[in-house]
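Structure assessment
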Amino acid sequence: ALLINAAVRDTKGKLEDRSVLRYAFKRPNLFKSNVLQGKDEGAWVWREPEGRIRAKAGGALGLIKITMKEDDKRLADVRGARLQDADWGYMVRAFIKRREQGWTFTRAADETIGDEPCFVVVAEGKADAAGETREAFAFSRRDCTVRARRLWEGGFQVDDTIYKDVKVDGGLTDEDFRL
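Residues numbered from 1 in each chain as written. Predicted model: local features only at pLDDT ≥ 70, side-chain atom pairs only at ≥ 80, totals over all residues. Heavy atoms only, no water.

**Describing the overall build of the chain**
Per the secondary structure count, the chain includes 1 helix and 11 strands. Mapped in sequence order, the helices and strands of the chain form the string β-β-β-β-β-β-α-β-β-β-β-β. When its C-alpha atoms are laid out on the principal axes, the chain stretches across 45 × 35 × 30 Å. Relative to its 179 residues, the chain shows a buried fraction of 41%. For the chain, the share of sequence-separated contacts (at least 6 apart) that also reach a separation of at least 24 residues comes to 37%. (Helix = DSSP H or I, 4+ residues; strand = E, 2+ residues; numbered from the N terminus. Buried < 20%, exposed > 50% of the residue type's maximum accessible area, 1.4 Å probe, protein only. Contact = heavy atoms within 4.5 Å.)

**Some points on the nonpolar core**
Ile4, Tyr23, Phe25, Val45, Trp88 and Tyr163 are the most contacted members of the largest nonpolar core, which has 28 residues in total. Contributions of two or more residues to this core are made by β1 (2-12), β2 (15-26), β3 (30-38), β5 (53-56), α1 (88-97), β8 (116-124), β9 (134-140) and β11 (156-168). No other element matches β1, which puts 4 residues into this core. Those residues in contact with Tyr163 that sit more than four places away from it in its chain are Ile4, Asn5, Ala6, Trp88, Met91, Val146, Arg147, Ala148 and Arg149. In terms of nonpolar packing, the next biggest core, distinct from the first, is built from 9 residues, Cys118, Val120, Trp152 and Ile162 among them. (Core = buried A, V, L, I, M, F, W, Y, C linked by side-chain atoms within 4.5 Å.)

**Digging into the pattern of salt bridges**
Evaluated as defined, the whole model comprises 27 salt bridges. With its nearest N and O atoms 3.8 Å apart, the salt bridge here joins Glu48 to Arg54. By relative accessible area, which is 17% here, Arg54 ends up buried. With a closest N to O distance of 2.7 Å, Asp72 and Arg74 form a salt bridge. Asp72 gets classed as buried once you look at its relative accessible area, which sits at 17%. By relative accessible area, Arg74 is classed as exposed at 60%. (Salt bridge = Lys/Arg side-chain N within 4 Å of Asp/Glu carboxyl O.)

**Some points on unusual backbone geometry**
You will see that Cys144, though not glycine, has its phi angle at about 65°, which is positive. With respect to the helices, strands and loops of the structure, Cys144 is situated in the loop between β9 and β10 (146-153). Even without glycine at this site, Asp165 takes up a positive phi of about 50°. Among the structural elements, Asp165 can be located in strand β11.

**A closer look at the confidence of the model for the chain**
Per-residue pLDDT for the chain has a mean of 88; in total, 100% of the residues score no lower than 70. Element-level pLDDT for the chain is lowest in α1, with a mean of 83, against a maximum mean of 96 in strand β7 (residues 104-113). (pLDDT = per-residue confidence, 0-100.)

**A few points about the sheet that holds β3**
By definition, the strands of a sheet pair up through backbone hydrogen bonds, in either a parallel or an antiparallel sense. Taken in spatial order, the 11 strands of this open sheet run β6-β5-β4-β3-β2-β1-β11-β10-β9-β8-β7, and their pairing is antiparallel. Of all strands in the sheet, those bounded by a partner on one side alone are β6 (65-68) and β7. The sheet shows a mean angle of 20° between the axes of neighbouring strands, taken without regard to direction. Of the strand pairs in this sheet, β3 and strand β4 (residues 44-47) are connected by 3 bridges, and their pairing is antiparallel. Looking at the pairing, Asn34 lines up with Trp44 of β4. Running at roughly 130° to β9, α1 makes contact with β1, β7, β8, β9, β10 and β11 of the sheet. (Pairing = 2+ DSSP bridges. Axes fitted to C-alpha atoms, helices over the stretch in contact; angles between N-to-C directions.)

**Description of the packing of aromatic side chains**
One pass over the structure, following the stated rule, counts 5 aromatic pairs. Ring plane angle 70° and centroid distance 5.1 Å describe the contact between Phe95 and Phe105, whose orientation is recorded as edge-to-face. Taken together, the positions of Phe95 in helix α1 and Phe105 in strand β7 put the pair 10 residues apart, joining distant regions of the chain. Its relative accessible area of 4% is what places Phe95 among the buried residues. (Phe/Tyr/Trp six-rings, centres within 6.5 Å; stacked < 30°, edge-to-face > 60°.)

Have a look at this one:
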């Protein structure tokens, strides 16, 4: 299980989305997210142990829960990335798959993310279906957890996600993925 706070900035053309989210993930495919700041502040989305994706708005509308389909556009950010694909396992597998697409991997200069010393790995290559040409991950030197993920289209950075308050094996049970 994994608990994290994430500060996210995504852009697509003139669209921009900035938010702070609280994520929880548990294998095999449970997730829960709460918007702490930004558009839809106070909203929750989660996958129940039975596999249903549920959501509720923030504020007074939070009394109403809805069930969503896997392909519901409201589960995606402005770049089309889906919330249910936001776990680190999915992202790192996709990052590694870029090698099969002919991308090259290099070590970049070390960074400090928050108070966490990190090493940085960058993949660069021909634009993929989403137009992405560069992706970088910053991994904690202490425990190898992901502390930042960044994407570029050509020379423009289009995604910047910083992970904070990371708790691996936070003691979550299946029941924690219900509201």
